[in-house]
Amino acid sequence: MKIAVIGGTGKVGRLVIDRLQDYQVRALVRTETAAAGLREQTDAELAHADLDEPSTLGPALKGIDTLFIATPFHPQQTSRELAAVEAAEEAGVSRLVKVSSYAAGVRPTVPSAAAHIAVEARLRRSTMQWSALRPDWWLDNILTQLDHVREGEIFYPAGSAVVTAVDARDLADVAVAEIVADVPAGGSLILTGPESVTLAEVAERLGRAVNAPMVLRDDVAPDWPDYYAEGMRRLFASYRDRGFAPRTHIIEEVLGKPARSIEQFATEVLQPALSKANP
């Protein structure tokens, strides 16, 4: 089996590559800087591909059996991922596994859900076997705010919103299971954490676990770009509107073990990240 990864320099994409060491993996990269970073960290084959230039995708996907896609929220996310799906189908890729969002199933007016809704709809019309992983809110989002965390705070316009916080390692583990399974679960898979919590509770528990008190600032972060800030306002408004955080057991069913806890994330991921940032 030959596997291609789009998004290999991102959090989940890199975790997926790390978990596929026993397989032939080709990481698709847009820039030489990205390629150089991956060369230092992985033995994966590298191929140039730019999602904003669809003509580069076909050659990069030649000979690939399974494609994994994980791209960030961005104004061009829809066109980029649709280009990847089209190119994969034309190249004869037989299976595609994509990181989607819980919002794709229940919050169609949220900007961050739009791309996932469109891409999942396209996958349903494709000839490929496919899996769309729909995680609820990621704990790993905290890692983008390490400077604020060191000041004892995190920023999200969450209010009373309730989420089931998901560890990206669980998401990557499920992705790999879907990539390599003889018979994957397939379709849209809703992935949730082990319990329902508010963001204020997440901040308090993370802070307690790493012995560094932390509070939620109920607002957008001052350094977020406008499109992202507005997307987060609408996302958390939709979380508040739903009023609850449904839980599934798909992570446990696929992996044969419980989803990781907030405290596990804090001690195994957040604390090392803080230590690395402040040697």
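Refer to the structure above for everything that follows.
Here is what the cut-offs are and how they apply
- Residues numbered from 1 in each chain as written.
- Predicted model: local features only at pLDDT ≥ 70, side-chain atom pairs only at ≥ 80, totals over all residues.
- Heavy atoms only, no water.
- Phe/Tyr/Trp six-rings, centres within 6.5 Å; stacked < 30°, edge-to-face > 60°.
- Helix = DSSP H or I, 4+ residues; strand = E, 2+ residues; numbered from the N terminus.
- Buried < 20%, exposed > 50% of the residue type's maximum accessible area, 1.4 Å probe, protein only.
- Salt bridge = Lys/Arg side-chain N within 4 Å of Asp/Glu carboxyl O.
- Core = buried A, V, L, I, M, F, W, Y, C linked by side-chain atoms within 4.5 Å.
- Contact = heavy atoms within 4.5 Å.
- Pairing = 2+ DSSP bridges.
- Axes fitted to C-alpha atoms, helices over the stretch in contact; angles between N-to-C directions.
- Arc of directions from axis to C-beta.
- Parallel < 35°, antiparallel > 145°, perpendicular 65-115°, else oblique.
- Left-handed = near helix turned anticlockwise from the far one by under 90°.
- Nonpolar A, V, L, I, M, F, W, Y, C, P; charged D, E, K, R; others polar.

Some details on the packing of aromatic side chains
Evaluated as defined, the whole model comprises 8 aromatic pairs. With centroids separated by 6.0 Å and ring planes inclined at 40 degrees, the aromatic side chains of F73 and Y228 adopt a geometry described as tilted. One end of the pair, F73, is in the loop between strand 4 (66-69) and helix 4 (77-91); the other, Y228, is in helix 10 (residues 226-242), with 155 residues separating them in the sequence. F73 gets classed as buried once you look at its relative accessible area, which sits at 18%.

Focus on the environment of Q76
Inspection of the secondary structure assignment puts Q76 in the loop between strand 4 and helix 4. On the basis of relative accessible area, Q76 is assigned to the partly exposed category, the value being 36%. Along the chain, Q76 and A115 lie 39 residues apart, while their C-alpha atoms are 8.6 Å from each other.

Some words on the pattern of salt bridges
Within this structure, the stated rule accounts for 23 salt bridges. The salt bridge involving E263 is made with R205; its shortest N-O contact spans 2.9 Å. Taken together, the residues E263 in helix 12 (residues 262-277) and R205 in helix 9 (residues 199-209) connect sequence positions 58 residues apart. Exposure remark for E263: the relative accessible area of 28% places this residue in the partly exposed category. Judged by its relative accessible area of 16%, R205 is buried. Each member of the salt-bridge network shares a partner with another, and the members are R19, D170, D173, K257 and R260.

A word on the nonpolar core
Core analysis: the largest hydrophobic core is formed by 37 residues, its most contacted members being W137, Y156, L206, F236 and L270. Only helix 7 (146-150), strand 7 (153-155), helix 9, helix 10 and helix 12 provide two or more residues apiece to this core. By residue number, the principal contributor to this core is helix 12, which donates 6 residues. Residues within four places of F236 in sequence aside, it is in contact with W137, Y156, P157, A158, A161 and L199. One finds L38, V166, V176 and I179 within the second-largest nonpolar core, a separate group that totals 32 residues.

Let's talk about the sheet that holds strand 2 (residues 24-29)
One open sheet holds the 7 strands; their spatial order is 3-2-1-4-5-6-9, and the pairing between them is parallel. Looking at the sheet topology across the chains shown, the edges are occupied by strand 3 (45-48) and strand 9 (187-191). Averaged over all pairs of adjacent strands, the angle between their axes in this sheet comes to 20 degrees, without regard to strand direction. Of the pairings in the sheet, the one linking strand 1 (residues 2-6) to strand 2 comprises 5 bridges and is parallel in character. Along strand 2, the bridge assignment pairs V5 with A27.

So, unusual backbone geometry
One non-glycine residue with positive phi stands out, namely N211, at about 60 degrees. Along the polypeptide, N211 turns up in the loop between helix 9 and strand 11 (215-217).

Description of helix 2 (residues 32-41)
Among all positions in helix 2, only A34, A35 and L38 are buried. Buried residues of helix 2 fall within an arc of 100 degrees about the axis and therefore sit on the same side. For helix 2, exposure combined with an orientation more than 90 degrees from the buried face picks out E32, T33 and E40. For helix 2, the elements touching its buried residues are helix 1 (11-18), strand 2 and strand 3.

Thoughts on the packing of helix 4 against helix 6 (residues 111-124)
Packing of helix 4 against helix 6 brings their axes to within 8 Å, and their N-to-C directions diverge by 20 degrees. With respect to each other, helix 4 and helix 6 are oriented roughly parallel. Here the hand of the crossing between helix 4 and helix 6 comes out right-handed. Here Q77, T78, E81, L82, V85, E86 and E89 of helix 4 lie close against helix 6, whose contacting residues are A114, A115, H116, A118, V119, R122 and L123. Per-class residue counts for the contact of helix 4 with helix 6 are 7 nonpolar, 3 polar and 4 charged.

Considerations on the pairing of strand 4
Residue alternation in strand 4 divides its side chains into two sets, T66 and F68 and L67 and I69, and both sets are buried. Relative to strand 4, strand 1 runs parallel, the two sharing 4 bridges. Counted as the bridge partner of I3 is T66 from strand 4.

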